[in-house]
Amino acid sequence: MTDRNRIRPCHGWPGLFCCLLITVLTTKLAACPFCPGASVPLTEKLTHAHTACLVRWVEGDTGTIEKPGHTVFKVLKVIKQSQGTQYEKGSLITVNHYHFSKPGGPFLLTGTHGPKPLWENPTAITPASYAYVMQAPSLQKPTTERLQYFLKFLEHQDMIIANDAFAEFANAPFEDIVPLTPQLPREKLHHWLSSKSTPAPRLGLYGLMLGLCGNEDDIDFMEDKINVQAQGLRSGIGGLMSGYLMLTGSEGLDHLERSKFQQKNTSPNELFAAREAVSFMWTYGKGRYQIPPERLRQSMRMLLNRPELADLVIADLARWQDWTVMDRLVSLYDAEGYDYKGIRQAIIRYLLVASRYSDPSDGGPDATTAARARKYLTLIRDRDPQLVKRAERFY
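The residue numbers shown here count from 1 along each chain, following its written sequence. Only residues with pLDDT of at least 70 get local features here, since the model is predicted, and only at 80 or more are side-chain atom pairs given and counted; chain-wide, interface and lining totals rely on the full set of residues. To get the side-chain values, all heavy atoms of the structure are used, and hydrogens and water are removed first.

Novice: Help me out: how do you make sense of the overall build of the protein chain in this one?
Specialist: The number of helices and strands found in the protein chain is 17 helices and six strands. Burial classes follow relative accessibility: with a 1.4 Å probe on protein chains only, a residue under 20% of its type's maximum area counts as buried, one over 50% as exposed, and anything between as partly exposed. Sorting the 395 residues of the protein chain into buried and exposed places 52% on the buried side. Here, residues are in contact when the closest pair of their heavy atoms is within 4.5 Å. Partitioning the intrachain contacts of the protein chain with sequence separation of at least 6 by distance along the chain shows that 69% fall at a separation of at least 24. Helix and strand labels come from DSSP, where a helix needs a run of H or I of at least four residues and a strand needs a run of E of at least two; each type is numbered from the N terminus.

Novice: Would you mind going over the packing of helix H7 (residues 186–194) against helix H8 (residues 203–213) with me for this structure?
Specialist: If you want to describe how two helices pack, look at the angle between their axes and the distance between the axes. To obtain each axis, a line is fitted to C-alpha atoms, and for helices this fit is confined to the stretch in contact; angles are then taken between N-to-C directions over 0 to 180 degrees. H8 packs onto H7 with a crossing angle of 145 degrees between their chain directions and a minimal axis gap of 9 Å. Crossing handedness for the pair H7 and H8: left-handed. Between H7, through Arg186, Leu189, Trp192 and Leu193, and H8, the contact on the second element is made entirely by Leu203, Tyr206, Gly207, Met209, Leu210 and Cys213. Each residue receives one of three labels: charged for Asp, Glu, Lys and Arg, nonpolar for Ala, Val, Leu, Ile, Met, Phe, Trp, Tyr, Cys and Pro, and polar for the others, Gly being one of them. Its residues assigned to classes, the contact of H7 with H8 comprises eight nonpolar, one polar and one charged. For any pair of crossing helices, the crossing counts as left-handed if the nearer helix is rotated counterclockwise from the farther one by less than a right angle, and right-handed if it is rotated clockwise.

Novice: Explain the side chain of Asp158 here, please?
Specialist: Among the structural elements, Asp158 can be located in the loop between helix H4 (143–151) and helix H5 (159–170). Charged residues are defined narrowly, with Lys and Arg counted positive, Asp and Glu counted negative, and His plus the chain ends left uncounted. Put simply, a salt bridge is a Lys or Arg side-chain nitrogen that is within 4 Å of an Asp or Glu carboxyl oxygen. Salt bridges are absent for the buried Asp158, whose nearest opposite-charge side chain, Arg202, sits at 9.4 Å. Those residues in contact with Asp158 that sit more than four places away from it in its chain are Thr126, Ala128 and Ser129.

Novice: Sorry if this is basic, but what is going on with a negative patch on the surface here?
Specialist: Judged by side-chain charge, Glu216, Asp217, Asp220 and Asp224 come together as a negatively charged surface patch. Turning to its location among the elements, Asp220 is positioned in helix H9 (residues 216–227). Judged by its relative accessible area of 52%, Asp220 is exposed. What makes a patch is a set of residues exposed beyond 30% relative accessible area and free of salt bridges, joined within 9 Å when like-charged and within 5 Å when nonpolar (Val, Leu, Ile, Met, Phe, Trp, Tyr). All accessible-area figures derive from a Shrake-Rupley calculation using a 1.4 Å probe, and residue coverage is judged against the displayed protein chains alone. Here the site of a charge means NZ on Lys, CZ on Arg, CG on Asp, or CD on Glu.

Novice: I keep staring at the packing of aromatic side chains and nothing clicks. Help me out?
Specialist: By convention here, two paired aromatic rings are described through the distance between centres and the angle between planes. Here a Phe, Tyr or Trp ring, Trp counted by its six-membered ring, pairs with any other such ring whose centre lies within 6.5 Å, and the pair is stacked when the planes are under 30 degrees apart, edge-to-face when over 60, and tilted otherwise. As enumerated under the stated definition, the model contains 14 aromatic pairs in all. Taking 6.0 Å as the distance between ring centres and 20 degrees as the angle between the ring planes, the aromatic pair formed by Tyr132 and Tyr149 counts as stacked. Pair noted here: Tyr132 is in helix H3 (residues 127–134) and Tyr149 is in helix H4, with a separation of 17 residues, a long-range link. The burial state of Tyr132 is the same as that of Tyr149; both residues are buried. Arranged with centres 5.2 Å apart and planes meeting at 85 degrees, the rings of Tyr149 and Phe150 form a pair that is edge-to-face. The residues Tyr149 and Phe150 share a single accessibility class, namely buried. Here the aromatic residues Phe34, Phe174, Phe280 and Tyr284 are joined through ring pairs into a cluster of three or more.

Novice: Please explain the pairing of strand E4 (residues 106–112) as it appears in this structure.
Specialist: For a regular strand, side-chain orientation follows a simple rule: the groups alternate between the two sheet faces. By the criterion of burial, E4 is predominantly enclosed, with six of the seven residues buried. Note: strand E1 (residues 51–63) against E4, six bridges, orientation antiparallel. What sits directly across from Thr51, in E4, is Gly111. As paired strands, E4 and strand E6 (residues 123–124) are joined by two bridges and run antiparallel to one another. The residue of E6 that forms the bridge with Leu108 is Thr123. Whether two strands pair comes down to DSSP finding at least two bridges between them. As paired strands, E4 and strand E5 (residues 118–119) are joined by two bridges and run antiparallel to one another. The residue of E5 that forms the bridge with Thr112 is Leu118. Counted between consecutive antiparallel strands, the loop separating E4 from E5 contains five residues, among which His113 sits at a positive phi close to 75 degrees.

Novice: Looking at this structure, I do not really get the pattern of salt bridges. What am I missing?
Specialist: When charged atoms on two side chains of opposite charge get close, those side chains can pair. Tallied over the full model, the rule gives 19 salt bridges. Across the pair Asp316 and Arg275 runs a salt bridge, and its minimum N-O distance is 2.8 Å. With a gap of 41 residues between them, Asp316 in helix H13 (residues 310–319) and Arg275 in helix H11 (residues 268–284) connect regions that are remote in the sequence. Close ionic contact of Asp327 with Arg372 constitutes a salt bridge, the shortest N to O distance being 3.1 Å. Placement of Asp327 in helix H14 (residues 326–332) and of Arg372 in helix H16 (residues 367–383) is noted, with a sequence separation of 45 residues between them. In the salt-bridge network here, residues are joined through shared partners; they are Glu294, Arg297, Arg301 and Asp322.

Novice: Teacher, can you tell me more about the nonpolar core here?
Specialist: Side chains that are nonpolar tend, in soluble globular proteins, to be buried together. Judged by nonpolar contacts, the single largest core of 101 residues is most densely connected at Phe169, Leu205, Ile348, Tyr350 and Leu351. The element best represented in this core is H11, accounting for ten residues. Discounting chain neighbours no more than four positions away, the residues touching Leu351 are Met326, Val330, Ala373, Tyr376, Leu377 and Ile380. Here, nonpolar core refers to any group of buried Ala, Val, Leu, Ile, Met, Phe, Trp, Tyr and Cys residues whose side-chain atoms link them within 4.5 Å. Counting eleven residues, the second largest nonpolar core, distinct from the first, contains Cys53, Tyr87, Ile93 and Phe107.

Following this line, the structure appears as structure tokens:
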């Protein structure tokens, strides 16, 4: 998920990325879209490693400019090793680069590439987290089945376990979390979302989960959190908004528009989170949460009034094949506040999509709409030939 501390129209590579999204007419998010910076779970590290050992820190040298640092570990247990390696309990392993620890500190050390492993950064571990990962289901098992195991370890008192269980969910497709709805700990989720001790990166996931398993008693709680007119970045609020829409459908979208979209003092950060929630419902909510596609398009169109989100919104509307805003977008090309390269390129890519798809039964433009888009492209090409050429190159 993308965080914008100060949202402005996209420029350079961020703008290019936003524009490239237009060419994708359907999308399926591969992991939780509201979980920033998810780490690689321990089970994945073990599965992909050729050699893995439970070790203790012996000594280390920070090194100098002339001489690189190193760290020495003693093997406590060989978990797996590739053919040709001969590690055993008591073996010493020297890893390039210095890794700080107290003497005797336990780590999970994994490496790849045969008899002389290329060691990855060691992972601090505890007796409890070692038992946890060794009992975890294999990556070969279905994701939903694996998540059943990790569900009970969310917010575990051992931070290593809690972080890893969160990483398993953060890396899982949303559709693999949905079947767990009857098992989700509703009351705990309510508590975690309220607690100041819950790490902020986890709040988006917990908001989605509460949307899956919550009931009418949770709606007021979620509305109170959404209604806050915060100016700074609220990590996870997009996930909470999405969970709220899952519980409330179109009525909840009406409330989100009144409390966020229609308020002039709503910060760009809050609007960006609300846009993420609407986009999430488009991807996952059709036919499930009583918000028709046209109602979602209508909501997204409202955000065209905010130049700082315009490039992203235009990309969404093109991906959603909303051709009703074509004339308005062209009028924004030179409008005050919208005269940024990223927005203009987003408009051009919208027109490229509108001009090249011609199957109305699949949401594509009819012949008249496609012809109008080509006419607008001709006018813009006369004015900004290089910008149009660059857009066409990546289309």
